[in-house]
Amino acid sequence: MMRLLVLLFLALSVKANALDVERVLEHSIALNDGWAFMPQDDYRYSELNYDHATWPTQNLTDPWPSAGYPASGHVIWLRKELQFDLPLDYARAARLGLRFGPIRQAADVYAGGMKLGSIGQVEDGGVPDFRKVSVWRIPVEAITTDGRLVIAIRVWGESLRFSDNAAKFAPHSQLLGDYVALKRELRASKLPALFIAFVLFLFSLFSFYLYRRAHALRNYFWFGVVTLSTSAFTFVFHDWRELFGWSVQFSERLLFLSFTALVLGGQRLLWSLLVEPFPKWLTVYHLVTLGASVVFVLQPSLSVLLGVRDVFWLVFSLSVPAVATLLWQKLRAGVGEAKVVVVAVVLFLLLGWHDMVRELFSYQSTWAVLYPYGFLMLAATMAILIANRFGAQVEVLEAAVAVKLAELEDINSKLRSLSERDSLTQLDNRRGLEDKARSLLSRPVDVSKPVVVALLDIDHFKLLNDQHGHQVGDQVLAEFAERLRAFCRSHDLVGRWGGEEFMLILEGLDRQAARARVQELHTMIGSRPFYCEGEAAQTFYVDVTATVGVAYYRSDDTFDSVIGRADRALYRGKEQGRNQVVHID
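Note that the coordinates shown come from a computational prediction; the quantities given were computed from them, not determined experimentally.

Points about the overall build of the protein chain
Thought 1: Secondary structure assignment for the protein chain yields 17 helices and 17 strands.
Thought 2: Looking at the protein chain as a whole, 48% of its 585 residues are labelled buried.
Thought 3: Taking contacts inside the protein chain between residues at least 6 apart in sequence as the whole, the part at least 24 apart equals 73%.
Thought 4: With an accessible surface of roughly 29,200 Å², the protein chain has 60% of that area assigned to carbon and sulfur atoms.

Examining a nonpolar patch on the surface
Thought 1: A contiguous nonpolar surface patch, about 410 Å² in accessible area, is contributed by Val343, Val346, Leu347, Leu350 and Met377.
Thought 2: Of the residues forming the nonpolar patch, the biggest block, four residues, is contributed by helix H10 (residues 336-361).
Thought 3: By secondary structure assignment, the location of leucine 347 is in helix H10.
Thought 4: With a relative accessible area of 34%, leucine 347 lands in the partly exposed category.

Quick word on helix H17 (residues 559-575)
Thought 1: The terminal C-alpha atoms of H17 lie 25 Å apart, and with 17 residues this matches the ideal 24 Å at 1.5 Å per residue to within 8%.
Thought 2: The complete set of buried residues in H17 reads Phe559, Val562, Ile563, Arg565, Ala566, Ala569, Leu570 and Gly573. Projected down its long axis, H17 shows its buried positions confined to an angular sector of 160°, all on one face. Turned more than 90 degrees away from the buried face of H17 sit Asp560, Tyr571 and Glu575, all of them exposed.
Thought 3: At the C-terminal side of H17, glycine 577 shows a positive phi close to 115°.

Concerning the packing of helix H6 (residues 248-273) against helix H8 (residues 302-316)
Thought 1: Contact geometry for H6 and H8: axes closest at 11 Å, N-to-C directions at 15°. Here H6 lies roughly parallel to H8, going by the angle between them. Two packed elements cross with a definite hand, and for H6 against H8 that hand is left-handed. On H8, the residues that touch Gln249, Glu252, Arg253, Leu255, Phe256, Phe259, Thr260 and Val263 of H6 are Leu302, Leu305, Leu306, Arg309, Phe312, Trp313 and Phe316.
Thought 2: Here the contact of H6 with H8 is composed, by residue class, of ten nonpolar, two polar and three charged.

Here's the deal with the pairing of strand E16 (residues 546-552)
Thought 1: Counting buried residues in E16 gives seven out of seven residues, a clear majority hidden from the surface.
Thought 2: Both faces of E16 are covered, namely the face carrying Ala546, Val548, Val550 and Tyr552 and the face carrying Thr547, Gly549 and Ala551.
Thought 3: Looking at chain direction, strand E11 (residues 452-458) and E16 are connected through seven bridges and run antiparallel. Bridge pairing links alanine 454 to valine 550 in E16.
Thought 4: Inspection of the sheet shows E16 paired to strand E17 (residues 581-583) by three bridges, in the parallel sense. Residue pairing across strands places valine 550 opposite histidine 583, the latter belonging to E17.
Thought 5: On the question of chirality, the crossover connecting E16 to the parallel E17 by way of H17 is left-handed.

A short note on the packing of aromatic side chains
Thought 1: Under the defined criterion, the tally for this structure stands at 19 aromatic pairs.
Thought 2: Look at phenylalanine 221 and tryptophan 222: their rings are 4.9 Å apart centre to centre, the planes differ by 75°, and that puts the pair in the edge-to-face class.
Thought 3: When its relative accessible area of 15% is taken as the criterion, tryptophan 222 is described as buried.
Thought 4: Here tyrosine 531 and tyrosine 541 contribute two aromatic rings whose centre-to-centre distance is 5.5 Å and whose plane-to-plane angle is 65°, an arrangement assigned as edge-to-face. Separated by ten residues along the polypeptide, tyrosine 531 in strand E14 (residues 530-533) and tyrosine 541 in strand E15 (residues 539-542) bring together distant segments of the chain.
Thought 5: We classify tyrosine 541 as exposed; its relative accessible area is 56%.
Thought 6: Put simply, the rings of Tyr43, Tyr45, Tyr50, Trp55, Trp77 and Tyr110 pair up and form one aromatic cluster.
Thought 7: Here arginine 268 stacks its cationic end above the ring of phenylalanine 278, 4.1 Å away from the centre of that ring.

Description of the sheet that holds E17
Thought 1: In spatial order, the strands read E12-E13-E11-E16-E17; together these five strands make up an open sheet with mixed pairing. Either end of the sheet is taken by a strand with one partner, and the two such strands are strand E12 (493-498) and E17. Within this sheet the neighbouring strands show an average axis-to-axis angle of 20°, counted without direction.
Thought 2: Where E12 meets strand E13 (residues 501-506), five bridges bridge the pair, whose relative direction is antiparallel. Its bridge partner being in E13, arginine 496 is matched across the sheet by phenylalanine 502.
Thought 3: Contacts from helix H16 (residues 511-525) reach E11, E13, E16 and E17 within the one sheet, and its direction differs from that of E16 by about 165°.

Considerations on the side chain of aspartate 178
Thought 1: On the secondary structure map, aspartate 178 appears in strand E10 (residues 175-178).
Thought 2: Its relative accessible area of 9% is what places aspartate 178 among the buried residues.
Thought 3: Setting aside its immediate chain neighbours within four residues, aspartate 178 contacts Val24, Leu25, Ser28, Arg95 and Gly97.

Thoughts on helix H4 (residues 179-213)
Thought 1: Taking 1.5 Å per residue as the helical rise, H4 with its 35 residues ought to reach 51 Å, and the 51 Å between its terminal C-alpha atoms agrees with that figure.
Thought 2: Lysine 190 marks where H4 bends most, by close to 30°; the proline proline 192 follows one to four residues later.
Thought 3: When H4 is considered as a whole, its buried residues turn out to be Tyr179, Leu182, Leu186, Lys190, Ala193, Ala197, Leu200, Ser204, Phe206, Ser207, Leu210 and Tyr211.
Thought 4: For H4, the side-chain oxygen to backbone nitrogen distance between the N-cap and valine 180 is 2.9 Å, and the N-cap itself is aspartate 178.

As for the confidence of the model for the protein chain
Thought 1: In this model, the protein chain carries an average pLDDT of 82, and 88% of its residues clear a pLDDT of 70 or more.
Thought 2: Within the model, pLDDT remains below 50 along residues 5-16, and this stretch shows three contacts once partners closer than five positions in the same chain are excluded.
Thought 3: A low-confidence stretch, residues 362-366 (pLDDT under 50), is modelled with 16 contacts involving residues beyond four sequence positions or located in other chains.

Overview of the environment of threonine 234
Thought 1: Here threonine 234 shows up in helix H5 (residues 218-237).
Thought 2: Accessibility expressed as a relative area gives 5% for threonine 234, which makes it buried.
Thought 3: Separated by 21 residues in sequence, threonine 234 and leucine 255 place their C-alpha atoms 8.5 Å apart.

Side note on the nonpolar core
Thought 1: Within the largest apolar cluster, 40 residues are counted, with the highest numbers of intra-cluster contacts made by Phe259, Leu270, Trp271, Phe316 and Leu327.
Thought 2: Secondary structure elements with two or more residues in this core: H5, H6, helix H7 (280-298), H8, helix H9 (320-332) and H10.
Thought 3: At ten residues, the largest contribution of residues to this core is made by H6.

Each value, and the rule that gives it
Sequence order as written defines residue numbering, which begins from 1 separately in each chain. It should be noted that, the model being predicted, local features are given only for residues of pLDDT at least 70 and side-chain atom pairs only at 80 or more, the latter also being counted only at that level, while totals for whole chains, interfaces and linings use all residues. The basis for every side-chain value is the complete set of non-hydrogen atoms in the structure, without hydrogens or water. Under the DSSP-based scheme used, a helix requires at least four consecutive residues in state H or I and a strand at least two consecutive residues in state E, with every element numbered from the N terminus. For every residue, the accessible area (1.4 Å probe, protein chains only) is compared with the maximum for its type, and the residue is labelled buried under 20%, exposed over 50%, or partly exposed between those bounds. Two residues qualify as a contact provided that any one of their heavy atoms is within 4.5 Å of a heavy atom in the partner residue. Residue exposure ignores everything except the shown protein chains as possible cover, and the areas themselves are Shrake-Rupley values with a 1.4 Å probe. A patch consists of residues whose relative accessible area exceeds 30% and which take part in no salt bridge; residues with like charges are grouped when within 9 Å of each other, and nonpolar side chains (Val, Leu, Ile, Met, Phe, Trp, Tyr) when within 5 Å. By definition here, a salt bridge exists when the distance from a side-chain nitrogen of Lys or Arg to a carboxyl oxygen of Asp or Glu is within 4 Å. For a helix, the expected span equals 1.5 Å multiplied by the number of residues minus one. Along the arc lie the directions from the helix axis toward the C-beta atoms. Axis lines are fitted through C-alpha atoms, for helices just across the contact stretch, and the angle between N-to-C directions can take any value from 0 to 180 degrees. An angle counts as roughly parallel when it lies under 35 degrees, as roughly antiparallel when it exceeds 145, as roughly perpendicular when it falls between 65 and 115, and as oblique in every other case. Each crossing is labelled by how the near helix is turned from the far one, with a counterclockwise turn of less than a right angle marking it left-handed and a clockwise turn marking it right-handed. Only Asp, Glu, Lys and Arg are considered charged, only Ala, Val, Leu, Ile, Met, Phe, Trp, Tyr, Cys and Pro nonpolar, and every remaining residue, Gly among them, polar. Any two strands with at least two DSSP-identified bridges between them are counted as paired. A crossover gets the label right-handed when its path from the first strand over the helix to the second runs clockwise, viewed with the strands pointing away from the viewer. By convention, a stacked pair of Phe, Tyr or Trp rings (six-membered ring in the case of Trp) has centres within 6.5 Å and planes under 30 degrees apart, an edge-to-face pair has planes over 60 apart, and any other such pair is tilted. Whether a charge sits over a ring depends on NZ of Lys or CZ of Arg being within 6 Å of the ring centre and within 35 degrees of the ring normal. Throughout, bend refers to the angle between the axes fitted to the seven residues that end at a position and the seven residues that start at it. The term polar contact refers here to a pair of N or O atoms within 3.5 Å; inside protein, the definition further demands a hydrogen-donor-capable atom paired with an acceptor-capable atom, and it admits residues adjacent in sequence only when both atoms are side-chain atoms. Confidence of the predictor at the level of single residues is given by pLDDT, which spans 0 to 100. We call a set of buried residues a nonpolar core when its members are Ala, Val, Leu, Ile, Met, Phe, Trp, Tyr or Cys and they connect through side-chain atoms within 4.5 Å of each other.

Put into structure tokens, the structure is as follows:
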């Protein structure tokens, strides 16, 4: 009796701690706490069924020892097991994704024994990627039949800077949730920085153009230097380097150099705006600082650069008294422009010091990065002063550029939507799908795993429209598309080919696996009726089946020829009574 009660208690405990897939998809959950921890390096720790019950536990944000873990090459493993409610809805589980990063150094991430990806480079001594945040789709195969998902992390954390305390994870950034939603949130969080960087780049080009037309407008030259360096700094700091394929080594050097140019160029701009000759001792300070920055940027060691960069933040502060003295003198002289500049400079310095402390000593802090707001205030002040001195042309051109950018973005968005996306099903339309398919089929063909082209036709769709109306027909098309989308893997291609016809393109499967996969799709479509809502809010269910024609891409095929064979297979399936899968090859 006692044993039965213990077993019942354990079963209820597991049930209470189990995760509901639907709830995880709706509300992402943080994964920072309760990780099994092992300061050794063994690839077996990534395996699904490895037993880590005896490992100690820690949180991802816990600090490392100051000496790190030299015995394992500063590499540790972390494992966390999650349990989902049963029975598991694999169609919904296929939508799960993991958001990971940023991490101070580098990490490899595994799910169910399968590697999802890396941030930085753990191998060969380690290469960090400080600002990288990645979102990976969790393969449904990573979740066991009893609802277990094991996530393993291999972390390298050797200290590269005096302010580092080995590897650190930013809090509230390791999330499990809906892959598409996590990807969208990450992109949305980075787009404002990209937009600001692009606008600042346009400002810099415009400023250099005006200076080239009239060298007396020296303010515009220094304003161009400041906006260009800030544009580069913002672009790299917010991890848009992958847009151009820049390495971490190059990005960190560009970040350091752009910040140096921002500080030094900002001081020259301030003296120029206040119509004051630049002190000779400050010119020497600028030349020495800039020269040293270039030397350290060109030297090959990233760890040396990172260590020196921390010192440079303090070196830059040496010029603050000179800035304060200039502003005080102008205020005492009653220069109206100095009052505006003082407010902007003080705010910028305060916010800059805030971010410097955060970067050097409080990496795990939830403090927001505030320097962009400070610079925007400072840049706005400078722009106003320049506009007052040289007329309203800059303000007019800024407004015109902003309007044109908004118009172009709106037009491009509408054109992309109309040309590549089906408005009803939100799948690729024929044009969008064909472009992607032709790109896929242009790659070398693996004879053992040919690309599979499947055409799906909803059976008796015209009769359904005649009986229930086009509104119900549209609902069936939308639900049919949603089931296709949930079934597909991340690299599968799916779209609406026309009318009630859809196309699915699979790769990476041998013929036997492809046949099983297509048959599974066919069974899934007809496994449960489609919910519909008719006129006067009348709800009902309709049974929907589909006929599928399948063809396999051959080395001598073209896109049109393989589509033709799939279409013939589909036609044969209709002749044979519909609701079946026909393979023509």
